[in-house]
Amino acid sequence: MQKRKYFKIMTKCSLNALTFYGTKFYFCGFTLLNICGEKNAAVSVLVRDDDSSTIGKVRKNVEHEVEKWSDVVHAKRSFGSSLYNIKIQNKSLTDMAIQYFQRCFGYALKQNKELEDEEGVRNGLNSIVPHAYGDHSSCGNWCGYLKNPASYKHRGLPHGKDLMDKSLRQSLEKIIEVHASNAKKLAPLGSSQANEALNNTRGSNAPKIRHYRSNESNDFHVACAVGQKITSAILMFLG
C-alpha cells in the first residue's frame, strides 16, 4: 500500500508541528519567541533537554540572543539512564550503587544552586567518581571522609566500602565527562516542570485521542487550560 503523502501548515501556536511527507519540523518555539519579541517581552533563556535541534532553529530564526539552560530534571533522568545502560557490561554496578551515584549527581548540582557557579558544578561532578573510589583529594567540604577519615563509610555503597572495579570507573568517568561539559547550562538549575504541568492540564482539556488540533475549538481548550493555571497560581498566592 502506498503511503499517503500530505502537507499541513499549522499557523497557530496551539498547534505545534508542521508535517510534510511524514517529517516533522518543530517551529512553534521560535514562532512564540518572535511574537514575544514583537510585544517587547523578549525571551532571553530557553530551558530544554540537551537536544540541540530546537535551540539551533531558535538561534537561526530569532533576532535577539537566546541562552540555553539544561532542564535539570531531564539531566538527572539522562544520567540515570546512562548508568543503567552500562550495568550490563559492569556487573559490579548494582542498583544500590546506581542510586548512590544519582544522589551524588543531584547533590553536585544543588550545592551550587545559590551562586549558579559553573566551575563549582563542574568540580562537584568530576569529584563524584574519585570520591566513590576512595580518592578525596578533589572533594569539597561536603565530604564526610575529610571530616572523619578513621570512621568514614559510604552510606550508599555496598558495605560502605570504596569501589574497586577499574573498568567500571572508566565507564563512569565517560558519563560524568559528558555532563560536566554542560556545567554552564546545568548551573542555573533550570526546570521546565511548570510547562509540563501546563501541558498536562491542556491534555486533560483536549485529549490526543480526540483530534481537536485540526479545528479552531482547540484554541478554547488551550485557553481553558491557561485559565486553570492562572487561577491555581492566584489561589496559591492568596494562601
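Numbers given for residues are sequential positions, taken from 1 along each chain in its written order. At least 70 in pLDDT is required for a residue's local features to be given in this predicted model, at least 80 for side-chain atom pairs to be given and counted, and no such filter applies to totals for whole chains, interfaces and linings, which use all residues. Side-chain measures here rest on the full set of heavy atoms in the structure, leaving out hydrogens and waters.

In the nomenclature of an unreviewed UniProt entry, the protein chain corresponds to Mutator-like transposase domain-containing protein from the organism Stylophora pistillata.

Trainee: Would you mind going over the side chain of Asp 71 with me for this structure?
Mentor: Secondary structure elements are taken from DSSP: a helix is a run of H or I of four residues or more, a strand is a run of E of two residues or more, and numbering for both begins at the N terminus. For Asp 71, the location among the structural elements is in the loop between strand 5 (67-70) and helix 3 (72-86). Relative accessibility under 20% of the residue-type maximum defines a buried residue, over 50% an exposed one, and the middle range a partly exposed one, all with a 1.4 Å probe and only protein chains included. The charged-residue count follows a simple rule in which Lys and Arg add positive charge and Asp and Glu add negative charge, with His and chain termini not counted at all. Should a side-chain nitrogen of Lys or Arg be within 4 Å of a carboxyl oxygen of Asp or Glu, the pair is scored as a salt bridge. Although Asp 71 is buried, it makes no salt bridge; Arg 77 carries the closest opposite charge, 6.2 Å away. A distance of 3.1 Å separates a polar side-chain atom of Asp 71 from the backbone nitrogen of Val 73. Here, two residues are considered to be in contact whenever any of their heavy atoms come within 4.5 Å of each other. Apart from the residues lying within four places of it in its own chain, the contact partners of Asp 71 are Val 47, Arg 48, Asp 49, Gly 190, Ser 191 and Ser 192. N or O atoms closer than or at 3.5 Å make up a polar contact, with two conditions inside protein: a donor-capable atom paired with an acceptor-capable one, and, for residues adjacent in sequence, both atoms drawn from side chains.

Trainee: What am I meant to see in the packing of helix 3 against helix 4 (residues 95-110) here?
Mentor: Two numbers describe a pair of packed helices, the interaxial angle and the distance between the axes. Helix axes are fitted to C-alpha atoms over the stretch in contact, other axes to C-alpha atoms as well, and angles between N-to-C directions run from 0 to 180 degrees. Contact pair helix 3 / helix 4: the axes reach a minimum separation of 10 Å and the direction vectors enclose 150°. In terms of orientation, helix 3 and helix 4 fall into the roughly antiparallel class. The two elements helix 3 and helix 4 meet at a crossing, and its hand is right-handed. Of the residues in helix 4, those in contact with Val 72, Ala 75, Lys 76, Phe 79, Gly 80, Leu 83 and Tyr 84 of helix 3 are Asp 95, Ile 98, Phe 101, Gln 102, Phe 105, Gly 106, Leu 109 and Lys 110. Looking at the contact of helix 3 with helix 4 residue by residue, the class counts come to 9 nonpolar, 3 polar and 3 charged. The scheme is simple: roughly parallel for angles under 35 degrees, roughly antiparallel for over 145, roughly perpendicular for 65 to 115, oblique for anything else. Throughout, a crossing is termed right-handed when the near helix is turned clockwise from the far one, and left-handed when it is turned anticlockwise from it by less than a right angle. Following the grouping adopted for this structure description, the nonpolar residues are Ala, Val, Leu, Ile, Met, Phe, Trp, Tyr, Cys and Pro, the charged ones are Asp, Glu, Lys and Arg, and the polar ones are all others, Gly among them.

Trainee: Help me understand the pattern of salt bridges, please; the structure alone is not making it clear to me.
Mentor: Side chains that carry opposite charge are capable of pairing whenever their charged atoms lie near each other. Enumeration according to the criterion identifies 4 salt bridges in this entry. With a shortest N-O distance of 2.5 Å, Lys 87 and Asp 95 are connected by a salt bridge. Since its relative accessible area comes to 28%, Lys 87 is described here as partly exposed. Arg 122 is paired through a salt bridge with Glu 119; the nearest N and O atoms lie 2.9 Å apart. Linking Arg 122 with Glu 119, this pair stays in helix 5 (residues 118-126), spanning 3 residues, or about one helical turn. Looking at Glu 119, the relative accessible area reads 41%, which means it is partly exposed.

Trainee: Explanation requested: the nonpolar core in the structure shown.
Mentor: Considering soluble globular proteins, one finds that nonpolar side chains tend to be buried as a cluster. Counting residues in hydrophobic clusters, the biggest one holds 31 residues, and the most contacted among them are Phe 101, Leu 125 and Leu 172. Put simply, the parts of the chain that give this core at least two residues each are helix 3, helix 4, helix 5, helix 6 (128-132), helix 8 (166-180) and helix 9 (183-186). Ranked by residues supplied to this core, first place goes to helix 4 with 8 residues. Residues belong to a common nonpolar core when they are buried Ala, Val, Leu, Ile, Met, Phe, Trp, Tyr or Cys residues joined through side-chain atoms within 4.5 Å.

Trainee: I would appreciate a short explanation of helix 5 in the present structure.
Mentor: Because each turn of an α-helix spans 3.6 residues, side chains separated by three or four positions in sequence point in the same direction. Taken together, the buried positions of helix 5 are occupied by Gly 120, Val 121, Gly 124 and Leu 125. Angular distribution of buried residues about the axis of helix 5 spans 130°; they occupy a single face of the element. On its buried face, helix 5 is in contact with helix 4, helix 6, helix 8 and helix 9. Put simply, Asp 117 is the residue that caps the front of helix 5, since its side-chain oxygen is 3.2 Å from the backbone nitrogen of Glu 119. Taken from the helix axis, the directions to the C-beta atoms give the arc we talk about.

Trainee: Help me out: how do you make sense of the side chain of His 136 in this one?
Mentor: Assignment of secondary structure puts His 136 in the loop between helix 6 and helix 7 (144-147). Non-local contacts of His 136, meaning those with residues more than four positions away in its chain, are made with His 131, Cys 143, Tyr 145, Leu 146, Tyr 152 and His 154.

Trainee: Hey, could you run me through the layout of surface pockets in this one?
Mentor: Any empty space left between the atoms is revealed when a probe the size of a water molecule rolls over them. Buriedness for pockets is judged along seven lines, at least five of which must meet protein on both sides within 12 Å for an open set on the 1 Å grid over protein atoms alone, while cavities are sets there where a 1.4 Å probe fits but cannot get out, and lining residues have an atom within 4 Å of a point. Grid points are joined across faces, edges and corners, and a volume is the space filled by probe spheres set on the points. Put simply, the second largest pocket is a space of about 440 Å³. Lining the second largest pocket are 17 residues; nearest its centre among them are Tyr 107, His 131, Trp 142, Tyr 152 and Arg 155. Breaking the lining of the second largest pocket down by element, the ones donating at least two residues are helix 4 and helix 6. Looking at the lining of the second largest pocket residue by residue, the classes come out as 8 nonpolar, 6 polar and 3 charged.

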